[in-house]
Amino acid sequence: GESVGLHLPTLSVQEGDNSIINCAYSNSASDYFIWYKQESGKGPQFIIDIRSNMDKRQGQRVTVLLNKTVKHLSLQIAATQPGDSAVYFCAAAITNDYKLSFGAGTTVTVRA
Amino acid sequence: KAGVTQTPRYLIKTRGQQVTLSCSPISGHRSVSWYQQTPGQGLQFLFEYFSETQRNKGNFPGRFSGRQFSNSRSEMNVSTLELGDSALYLCASATRAYEQFFGPGTRLTVL
């Protein structure tokens, strides 16, 4: 199976600074990765995804980096804003396995 | 476009009862997945359906079951409820299996 873990359960960041959330996965067969953001009382919200044939993908204020050699991915949030305060999950999937394996989540708190 | 809807949003049951949760996917999405979220175990995969067929199932006891209808709507059922079944149950829909969009969840409390 797949085991997905986050390096830090909590992250406190100053408003305007960049945030980096790290995640490790165990199964080298995983070929699709997603980052989700979950605010209190809501379901996880899709942020950005990346396939294993890519090393980097950029979205609006977010960048995901994938290092398949060490089975590590990270989410970078530029110019962190108070609205970025939430729990962030990484998830991994294997083609034709039809399920996502989630990490435990990192709680990001943005300080004003 | 309307998002994933789940009903009911909150539910209180007692041990031994059974419960049925409902999920309506985003229009056009044929894949529906269910997850259980608890503080201790995080998000755990229950099952995934596509065109009324279950394609994968997580490591949950047989008390947890699901189905999908021809209109892609899905239900999950938990029989003989236990205290440990208290959780947020999340439904996600997708056009393909991985780009999943989640609903707000059903908060189940078992007393």
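J.: Hey, could you run me through the overall build of chain B in this one?
T.: When its secondary structure is counted, chain B shows zero helices and eleven strands. Reading the helices (α) and strands (β) of chain B from amino to carboxyl end gives β-β-β-β-β-β-β-β-β-β-β. Expected size for 111 residues packed as a compact globule is a radius of gyration near 13 Å; at 13 Å, chain B falls within 12% of this value. Its C-alpha atoms put chain B at 35 × 25 × 25 Å along the principal axes. A burial count over chain B gives 50% of its 111 residues as buried. Restricting the contact set of chain B to residue pairs at least 6 apart, pairs at least 24 apart contribute 53%.

J.: Explain the pattern of salt bridges here, please?
T.: Side chains bearing opposite charge may pair, as long as their charged atoms lie close to each other. All names here are of chain B. Applying the stated criterion across every chain yields a total of nine salt bridges over all chains. R63 is the salt-bridge partner of D85, the closest N and O atoms lying 2.8 Å from each other. With D85 in the loop between β8 (74-78) and β9 (87-94) and R63 in the loop between β6 (53-57) and β7 (64-68), this pair connects stretches of sequence that are 22 residues apart. Each member of the pair D85 and R63 is classed as buried. Beyond isolated ion pairs, a larger network of salt bridges with shared partners links R63, E82 and D85.

Rules used in this analysis
- Residues numbered from 1 in each chain as written.
- Chains lettered and ligands numbered in written order.
- Predicted model: local features only at pLDDT ≥ 70, side-chain atom pairs only at ≥ 80, totals over all residues.
- Heavy atoms only, no water.
- Helix = DSSP H or I, 4+ residues; strand = E, 2+ residues; numbered from the N terminus.
- Rg over C-alpha atoms; globule rule 2.2 N^0.38 Å.
- Buried < 20%, exposed > 50% of the residue type's maximum accessible area, 1.4 Å probe, protein only.
- Contact = heavy atoms within 4.5 Å.
- Salt bridge = Lys/Arg side-chain N within 4 Å of Asp/Glu carboxyl O.

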